[in-house]
Amino acid sequence: MTPVSSHSPHGQSPLRTVQVLGGGNAASSAHVRSLAAGLVARGVKVTVCAPAEAEHTYDFTGVGADHVHVPRSSDPVSVAALRAICAGADLVHAHGLHASFRTVLALGGRRVRTPLVVTWHDRAQADGARAHMLRLLERRVLKAATVVLGATSDLVDRARRTGARDARLAAVALPGPRRPVEPDDPDRLRPKLRAELGATERPLLMAVGSLDRHRGYDVLLDATRAWRRLDPVPLVVIAGEGPLRGELQHRIEEEELPVRLIGRREDVPDLLAAADLALLPSRWESRSLLAQEALHARVPLVATDVGGIPELVGDAAELVPYGDAEALADTVVRLLDDPGHRELLKEKGARQAASWPTEDETLAQVLSVYDELTQPQPLI
């Protein structure tokens, strides 16, 4: 990796950065932890502003960063706390829309503008009046940021259309596991998990993600009706929590669908490794964590042809239109009947995963941007 300076613009002390995270999703939180570890190792002083529960889950202090509890709220007290923390920073880096908006508010009253980098990991999902409000927040953030890093090309294009001064494609790696790898032989762990889930003699189809409207689980439940005629009947397992749990559970029981909701799990890589197929029926995704973990685990993936998914997976997954339950059902049936094609997808998935940015490459890009924004510019 090309060495990048970790010193302040005047060369008198280490570069002081603040990473702002609003709690975030798993992908952005893991990304911040990975960045914090790499930055600290290269002499950069890192303070992570995030809710206490994010520190508990991702242990930013464990990699040498300082952590300051800042609630998700954009109320004046939270904004004032963030403003005080950012006051001594050479550069501030915010992740996600809501964290970025709070950061813009916190930096807005300062006479000397602190460079602000925003990484846009995903696009906020909403309908109606809330969708309009989110678009206003996006515009405010993207116009204020010094540099916007988009996790996918369509996010970069959207940022430019919305008014970003400088939008670039981000190198975003899939961080390694935070917990130790299970010592069990995978061939022994797989049947154990399948038995636990109730899929010892039937195909296991795995979906992972919050139980929110944009995840497309209503379409997935529609598709499972077609699978009831198969012998044996595949079992769909959904790992995640969210506001739609009650509604989804009611449908599963009322329609007697072959689906289990197992709540939030910490062993998703192990669950994926035990599955025959991974399913991603979302309305929109950027660099989906599930898609990345599935391809890394050599698990065939069926996903919707939306957002950053085609760019992420290439030809290493089966893509279907969003909202088309019949196409989803037919594609799954075809894959279950064709072990040869499943093996081909496993091989393609491994090659595609090997082409993604590494954590070192991700860090190198971020350090290069930091250097560009904090080093003195030559006089012309």
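This report concerns the structure included in the present document. Once a new chain begins, its residue numbering starts again from 1 and follows that chain's sequence as written. Whole-chain, interface and lining totals are the exception, using all residues; otherwise, since this is a predicted model, local features are given only for residues with pLDDT of at least 70 and side-chain atom pairs are given and counted only at 80 or more. In computing side-chain properties, one takes all heavy atoms of the structure into account and sets aside hydrogens as well as water.

## A few points about the sheet that holds strand 8 (residues 204-208)
Move 1: At least two bridges found by DSSP between two strands are what make those strands a pair. A run of DSSP states H or I qualifies as a helix once it reaches four residues; a run of E qualifies as a strand once it reaches two. Both are numbered from the N-terminal end. If you trace the six strands from one edge of the open sheet to the other, you get 10-9-8-11-12-13, paired in parallel fashion. Bordering the open sheet on either side are strand 10 (259-263) and strand 13 (318-320), each of which pairs with just one other strand. On average, each strand axis in the sheet is tilted by 25° relative to the strand beside it, whichever way the strands run.
Move 2: Two strands pair when backbone bridges link them, and strand 9 (residues 235-239) and strand 10 are joined in this way by four bridges, in the parallel orientation. Across the sheet, Val236 pairs through a bridge with Val259, a residue of strand 10. To obtain each axis, a line is fitted to C-alpha atoms, and for helices this fit is confined to the stretch in contact; angles are then taken between N-to-C directions over 0 to 180 degrees.

## Some thoughts on the environment of Ala27
Move 1: Mapped onto the elements, Ala27 comes out in helix 1 (residues 26-41).
Move 2: When its relative accessible area of 25% is taken as the criterion, Ala27 is described as partly exposed. For every residue, the accessible area (1.4 Å probe, protein chains only) is compared with the maximum for its type, and the residue is labelled buried under 20%, exposed over 50%, or partly exposed between those bounds.

## Topic: the state of the cysteines
Move 1: When the sulfur atoms of two cysteines come within 2.5 Å, that pair is taken as a disulfide. Taken as a whole and judged by the stated rule, the model has zero disulfides.
Move 2: Take Cys49: it sits in no disulfide, and the sulfur closest to it among the cysteines is that of Cys86, at 5.7 Å.
Move 3: According to the relative accessible area criterion, Cys49 is buried, its value standing at 1%.

## With respect to the packing of aromatic side chains
Move 1: Here a pair means two rings of Phe, Tyr or Trp (six-membered ring of Trp) with centres within 6.5 Å. Their orientation is stacked below 30 degrees between planes, edge-to-face above 60, and tilted elsewhere. Summed over the entire model, instances satisfying the criterion amount to one aromatic pair.
Move 2: Measuring from centroid to centroid gives 6.4 Å for Tyr58 and Phe60, while their planes differ by 20°, and the two rings are stacked. Taken individually, Tyr58 and Phe60 each receive the classification buried, so the pair is uniform in this respect.

## Some details on the pairing of strand 12 (residues 301-304)
Move 1: Side chains of strand 12 alternate between two faces, with Leu301 and Ala303 and Val302 and Thr304 buried alike.
Move 2: Across three bridges, the pairing between strand 11 (residues 277-280) and strand 12 is parallel. If you follow Leu279 over to strand 12, its bridge partner there is Val302.
Move 3: For a crossover, the right-handed case is the one in which the path from the first strand over the helix to the second runs clockwise, viewed with the strands pointing away from the viewer. Running through helix 11 (residues 289-296), the crossover from strand 11 to the neighbouring parallel element strand 12 is right-handed.
Move 4: Here strand 12 pairs with strand 13 via three bridges, running parallel. Opposite Val302, over in strand 13, you have Glu318 as the bridge partner.

## Some points on helix 6 (residues 153-162)
Move 1: Along helix 6, the residues classified as buried are Leu155, Val156, Arg158, Ala159 and Thr162. For helix 6, the angular spread of the buried residues around the axis is 165°, confining them to a single face.
Move 2: Close packing links the buried residues of helix 6 with strand 5 (116-120), helix 5 (128-144), strand 6 (147-150) and strand 7 (167-169).
Move 3: Immediately downstream of helix 6, the backbone of Gly163 shows phi near 120°, a positive value. The directions from the helix axis to the C-beta atoms form the arc being described. Whether two residues are in contact is decided by their heavy atoms, any of which lying within 4.5 Å being enough.

In short, geometric facts, not functional conclusions.
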